[in-house]
Amino acid sequence: MSGTETASASLFTPEFFQDPHSVQAALRAEAPAREVVTPHGHRVWVVSRYAEAKAVLADPTVRKNRASSGAATAPDGAPDLSRHMLSMDLPDHTRLRRLVTRAFTIRRIELMRPRIEEITADLLGRLSPGDKVDLLDVFAFPLPITVISELLGVEQEDRAEFRRYSNALISDSGPEEAQATVSWMAAYFTEMVAAKRADPGEDLLSALIEISEDSDRLSEQELVSMAFLLLVAGHETTVNLIGNGVLALLTAPEQLERLKADLSLLPAAVEELLRFRSPVNMSTFRFTTEPVVLGEVTVPAGSTVLVGLGAANRDDDHFEQAERLDVTRPPSGHLAFGHGIHHCLGAPLARLEGEIAFRSLLTTYPDMRLAMPASDLRWRASVPIHGLVELPVVL
């Protein structure tokens with residue numbers, strides 16, 4: 001199978017963003033990986049089957065760092081926000097992750113439970129049964145952005161502007177808008193790190209500044225990049241876990257009723273919602289340094305790869321009746337948080353927020369329903385993120 005035979009300029013279309021699962025099902029049926037052309041003219045290989053996706057995510061010859069892979073680097077003039085774990089390969093990744101996990105511990109996350117419950121109750125308490133609201137605007141966004149902002153020490157007055165730039169960053173914007181967004185974020189986080197260094201607090205960013213191991217510390221550029229990664233990834237995943245999950249439940253009433261009748265199913269249900277409508281549809285770019293054999297397809301060295309996390313999570317060869325939502329499904333290794341050394345560091349926080357959010361929604365507003373047909377909902381034009389533009393509901 002040659003790149004010429006499989007190249008297509010039609011994958012990342014408005015139709016794809018509205019219904020990626022149908023397109024990805026066709027990709028899985030065709031081949032484990034396929035070369036396509038993005039709207040900006042970049043050739044990439046999209047991996048869509050579970051076994052091959054998991055293999056690529058764990059393959060040490062498939063790199064994240066553009067420079068070490070030999071791939072083209074960012075354009076001149078663009079600030080560098082890539083000195084974080086998600087863009088690093090071994091051994092740099094090991095060093096960064098070790099330092100960050102000394103501050104961002106499971107214990108620190110679990111200690112946040114009462115505060116997350118308090119924020120959730122406050123947001124839902126501002127609403128009333130019968131209200132027609134955009135659930136993303138009044139709940140799914142404010143909850144995780146408040147949590148991650150308090151964790152990092154971001155001021156409340158900055159959060160709305162940050163949401164606007166974050167949306168621009170993950171959307172299918174042109175190079176000029178993308179560069180302007182990255183420039184704003186780089187300046188913002190540089191100023192934020194300087195402020196925390198001058199006046200440290202009890203927040204995670206202050207802890208990252210102070211943390212050290214054998215005299216090793218995060219550099220200024222690494223601190224700015226890590227703050228950027230934690231704040232963007234720390235709210236985008238959870239926003240769309242809540243929004244996508246609520247939609248999945250409201251369009252599968254028998255599963256919704258089963259969950260409301262037995263809230264002990266919630267931990268497993270959160271895993272199923274992550275699998276069924278994965279908040280992160282595509283991985284960030286990876287770069288092959290050697291030919292990678294994926295079933296009957298060989299991805300050449302020097303290629304750019306996107307791993308279809310959402311596609312892999314709907315693969316019938318791994319998940320029985322994968323196109324069906326089942327809140328009683330035993331967790332079986334979904335890839336919503338990735339796999340291998342780049343498995344999402346913030347996964348425990350996203351799971352905690354998701355469990356608290358769904359429990360509170362189902363108990364506070366058990367009769368919630370969609371305010372418009374699901375087929376009329378609009379999805380964001382984003383390659384990495386699968387998320388709604390808005391979610392109108394009647395509480």
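Our subject is the structure that appears above.
To start, this report covers the structure provided alongside it. Computed from a predicted model, the values in this text were never measured in an experiment. The residue count restarts for each chain, going from 1 along the sequence in the order it is written. Whole-chain, interface and lining totals are the exception, using all residues; otherwise, since this is a predicted model, local features are given only for residues with pLDDT of at least 70 and side-chain atom pairs are given and counted only at 80 or more. Neither water nor hydrogens contribute to the side-chain values; these are computed over all heavy atoms in the structure.

Our focus in this paragraph is the side chain of Glu222. Within the element layout of this structure, Glu222 appears in helix 14 (residues 220-250). As used in this structure description, the phrase polar contact means that two N or O atoms lie within 3.5 Å; if the pair is within protein, one of them must be able to donate a hydrogen and the other to accept it, and residues adjacent in sequence are counted only when both atoms belong to side chains. Among the polar contacts listed, one links the side chain of Glu222 to the backbone nitrogen of Ser219, at a separation of 2.8 Å. Here, two residues are considered to be in contact whenever any of their heavy atoms come within 4.5 Å of each other. For Glu222, the residues in contact, after removing those within four places along its chain, are Arg83, Arg95, Leu96 and Arg217. The way it works is that DSSP assigns letters per residue, a run of H or I at least four long becomes a helix, a run of E at least two long becomes a strand, and they are numbered from the N terminus.

Here we come to the packing of helix 10 (residues 142-152) against helix 14. Remark: helix 10 packs on helix 14, axes separated minimally by 8 Å, with the N-to-C direction vectors making an angle of 155 degrees. Comparing the axis directions of helix 10 and helix 14 gives the class roughly antiparallel. Both helix 10 and helix 14 take part in a crossing whose hand is right-handed. Only Ala227, Leu230, Leu231, Gly234, His235, Thr238, Val239 and Ile242 of helix 14 make contact with helix 10, whose side of the interface consists of Leu143, Pro144, Ile145, Ile148, Ser149 and Leu152. What counts as an axis is a line fitted to C-alpha atoms, over the stretch in contact for a helix, and the angles between N-to-C directions run from 0 to 180 degrees. Relative orientations are named as follows: roughly parallel for angles under 35 degrees, roughly antiparallel for angles over 145 degrees, roughly perpendicular for angles from 65 to 115 degrees, and oblique for any other angle. Note: crossing handedness is left-handed where the near helix turns anticlockwise from the far helix by less than a right angle, and right-handed where it turns clockwise.

What follows is about helix 14. What a helix is expected to span follows from its residue count: subtract one and scale by 1.5 Å. The terminal C-alpha atoms of helix 14, which comprises 31 residues, lie 45 Å apart, in line with the 45 Å expected from a rise of 1.5 Å per residue. The element helix 14 is extensively covered by neighbouring structure, given that 28 of its 31 residues are classed as buried. Burial status follows relative accessibility: with a 1.4 Å probe on protein chains alone, a residue under 20% of its type maximum counts as buried, one over 50% as exposed, and anything between as partly exposed.

On to the sheet that holds strand 10 (residues 392-394), then. Any two strands between which DSSP finds at least two bridges are classified as paired. With antiparallel pairing, the three strands of this open sheet are ordered in space as 4-10-9. Where the open sheet ends on each side, the last strands, each with one partner, are strand 4 (132-134) and strand 9 (369-370). Where strand 4 lies against strand 10, three bridges are found, and the strand directions are antiparallel. Residue Lys132 lies in a different strand from strand 10, and its bridge partner there is Val394.

Another aspect to go through is the packing of aromatic side chains. The rule is short: rings of Phe, Tyr and Trp, with Trp giving its six-membered ring, pair when the centres are within 6.5 Å, and they are stacked under 30 degrees, edge-to-face over 60, tilted in between. Taken as a whole and judged by the stated rule, the model has six aromatic pairs. The structure contains a cluster of three or more aromatic residues connected by ring pairs, namely Trp184, Tyr188, Phe189 and Phe228. When the ring centre of Phe319 is taken as reference, the NZ or CZ atom of Arg275 above it lies at 5.3 Å. By definition, being over a ring means that NZ of Lys or CZ of Arg is both within 6 Å of the ring centre and within 35 degrees of the ring normal. We note Arg314 situated over the ring of Phe276; from NZ or CZ to the ring centre the distance is 4.1 Å.

As a further point, take the pairing of strand 2 (residues 43-47). Burial within strand 2 is extensive, with four of its five residues counted as buried. By the bridge criterion, five bridges tie strand 1 (residues 33-37) to strand 2 in an arrangement that is antiparallel. Directly across from Glu35, in strand 2, lies its bridge partner Trp45. The antiparallel hairpin formed by strand 1 and strand 2 contains five residues in its connecting segment, where Gly41 sits at a positive phi of about 85 degrees. Bridge count for strand 2 against strand 8 (residues 304-307) is three bridges, and the pairing is parallel. Residue pairing in the sheet places Trp45 in a bridge with Val305 of strand 8.

Turning our eyes to something else, we now look at the pattern of salt bridges. Here, a salt bridge means any side-chain nitrogen of Lys or Arg that lies within 4 Å of a carboxyl oxygen of Asp or Glu. Within this structure, the stated rule accounts for 21 salt bridges. A salt bridge links Glu35 to Arg43; the shortest N-O distance between them is 3.5 Å. Among the residues examined, Glu35 registers a relative accessible area of 10% and is labelled buried. For Arg43, a relative accessible area of 48% gives the class partly exposed. Glu257 serves as the salt-bridge partner of Lys260, at 3.1 Å between the closest nitrogen and oxygen. With Lys260 and Glu257 both in helix 15 (residues 253-261) and three residues apart, the pair spans about one turn of that helix. Owing to a relative accessible area of 44%, Glu257 belongs among the partly exposed residues under this scheme.

With an omega of 0 degrees, the peptide bond between Leu90 and Pro91 qualifies as cis. Note on placement: Pro91 falls in the loop between helix 5 (66-69) and helix 6 (92-103). In this model, Gln321 sits at a positive phi of 45 degrees, which is unusual for a non-glycine residue. On the secondary structure map, Gln321 appears in the loop between helix 17 (309-312) and helix 18 (347-364).

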